[in-house]
Amino acid sequence: MLSSPVPATPGPAREPNRVTTSIARTFSDFRQAVSDSFVPLEVTSSRPDPFWGRIRRAGADEVHVYEVSAGEHVVERTPELIAGSDRHYYKLSLMLSGTGLLIQDDREATLQPGDLAVYDTNRPYSLVFDDDFRTMVVMFPKHLIALPPDVVAQLTAVQMSGRSGVGGIIAPFLAQLAGNLEQLSGPTGARLAHTALDLVTTMFANELDLTGALDPHQALMQRIRTYIDANLASTDLGPAQIAAVHFISTRHLHGLFREQGTTVSSWIRSRRLDRCRRDLVNPIYGDRPVAAIAARWGFVDAAHFSRVFKAAYAESPSDLRAAAAAGTHLG
């Protein structure tokens, strides 16, 4: 697509949660729209005159959804441009009309209408569109899905069909979301956005199973992560319990997480914080005390929860909730 749906300035801007549209009638305007809307990218075209493009976008919580329509052009995310970014995102593309070519990690995926593909904004990639096209992009921080980066890396620039199997269930939902971006601006926007990510995670896991991409070591890690997610509310959740359930030593367990650059406790805490964050921006829980939401996901000390939440998200739980209620929190 055009680029990664993240502002060029550090961190998403605090602005009203609404659908915005940029229409470009010249290639110069289109490049400017890309620059204004996304992370830095090189955008070129062999047919810049005449040119027409449109970018519609909406966000809910940390998830950004884009619908892009444009003429022939090429987008490149270069190492030099990546070096200036410290935010780690995945982008999922669903071709709605036309064709595209995605190149990343020494793989190429030709995308026809109904095809999906994922790519990583922190590694070089190219997108080539030879003619008019329309596509949607869902961009989200890596921590929002419970799959490790080394596993997802096996799916980058791999064509996934949205016409059959699990993809055939998920692609229509995403296409409907692209055609109804205003729903992300409403009171159920955060729930819709995270439902989309849950479906995407299911599709990724299914694709990995079908290709046999998970070796025994990775499969064990995935079972452990699944177990952690299913037991976040338990105050007994910890290394000893997790190791015992999976018939391994705690030393082995700690070694598995150390290989991923984290710790068991840090992973549990990040998953609990993510669930709390989802509930805090969900209007269904608007009258539930912050402490009750924290306790629901295993944080027994409200003061401790507030401290670690603010350290993770640079705002307090109550500030996040107030911003979500006012419709000013995009990500």
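Here, residues in each chain are numbered from 1, in the same order as that chain's written sequence. A pLDDT threshold of at least 70 governs which residues receive local features in this predicted model, and a stricter bar of 80 or more applies before side-chain atom pairs are shown or counted, although totals over entire chains, interfaces and linings include all residues. Working from all heavy atoms in the structure, the side-chain values ignore hydrogens and water.

Chemist: Teacher, can you tell me more about the sheet that holds strand β4 (residues 63-70) here?
Modeler: Sheets are built from strands paired through backbone hydrogen bonds, the pairs being either parallel or antiparallel. Sheet architecture is open: 7 strands sit in the order β1-β3-β4-β11-β6-β9-β12, paired in antiparallel fashion. The sheet is open, and its two edges are formed by β1 (20-24) and β12 (160-161), each paired on a single side. A strand pair is defined by DSSP finding two or more bridges across the two strands. In DSSP terms, a helix is any run of H or I states spanning at least four residues, a strand is any run of E spanning at least two, and both are numbered starting from the N terminus. Sheet topology places strand β6 (residues 89-97) next to strand β9 (residues 115-120); 5 bridges connect them, and they run antiparallel. Bridging from a neighbouring strand, Leu92 pairs with Val118 of β9.

Chemist: Before we go on, may I ask you to explain the pairing of strand β8 (residues 107-111) in this structure?
Modeler: Two faces belong to every sheet, and in a regular strand the side chains alternate between them. Summarising the sheet, strand β7 (residues 100-104) and β8 pair through 5 bridges and their orientation is antiparallel. Of the residues in β8, the one forming a bridge with Leu101 is Thr110. Linking two consecutive strands that pair antiparallel, namely β7 and β8, is a turn of 2 residues; a positive phi of about 55° is found at Asp105 within it.

Chemist: Looking at this structure, how should I read the pattern of salt bridges?
Modeler: Opposite charge on two side chains makes pairing possible when the charged atoms of those side chains draw close. Any carboxyl oxygen of Asp or Glu within 4 Å of a side-chain nitrogen of Lys or Arg constitutes a salt bridge here. Following the criterion strictly, the structure yields 15 salt bridges and no others. Put simply, Asp229 and Arg271 hold a salt bridge, and the shortest N to O gap is 3.0 Å. Of this pair, Asp229 sits in helix α6 (residues 216-230) while Arg271 sits in helix α9 (residues 264-280), and the two are 42 residues apart along the sequence. When sorted by exposure, Asp229 lands in the same class as Arg271, which is buried. What you see here is one network of salt bridges that share partners, running through Arg54, Arg56, Glu67 and Arg134. Buried, partly exposed and exposed residues are distinguished by accessible area as a fraction of the type maximum, computed with a 1.4 Å probe on protein chains only: under 20%, between the cut-offs, and over 50%, respectively.

Chemist: What is the right way to look at the nonpolar core in this model?
Modeler: Ranked by size, the top nonpolar core spans 34 residues in total, and within it Val65, Leu92, Leu116, Met136, Leu174, Leu184 and Phe204 carry the most contacts. Mapped onto this core, the elements with two or more residues apiece are β3 (53-60), β4, β6, β9, β11 (133-141), α3 (149-152), α4 (165-179) and α5 (189-211). Considering each element in turn, this core owes the most residues, 7 residues, to α5. Put simply, buried Ala, Val, Leu, Ile, Met, Phe, Trp, Tyr and Cys residues joined by side-chain atoms within 4.5 Å make one nonpolar core. Grouped together as the second largest cluster of nonpolar side chains are 31 residues, Phe257, Leu280, Phe299 and Phe305 included.

Chemist: What is the right way to read the environment of His254 from this model?
Modeler: Mapped onto the secondary structure, His254 falls in helix α8 (residues 250-259). Separated by 10 residues in sequence, His254 and Val264 place their C-alpha atoms 6.4 Å apart. Excluding residues that lie within four positions of it along the chain, His254 makes contacts with Pro239 and Val264. Two residues qualify as a contact provided that any one of their heavy atoms is within 4.5 Å of a heavy atom in the partner residue.

Treat this as a map of the structure, not an account of what it does.
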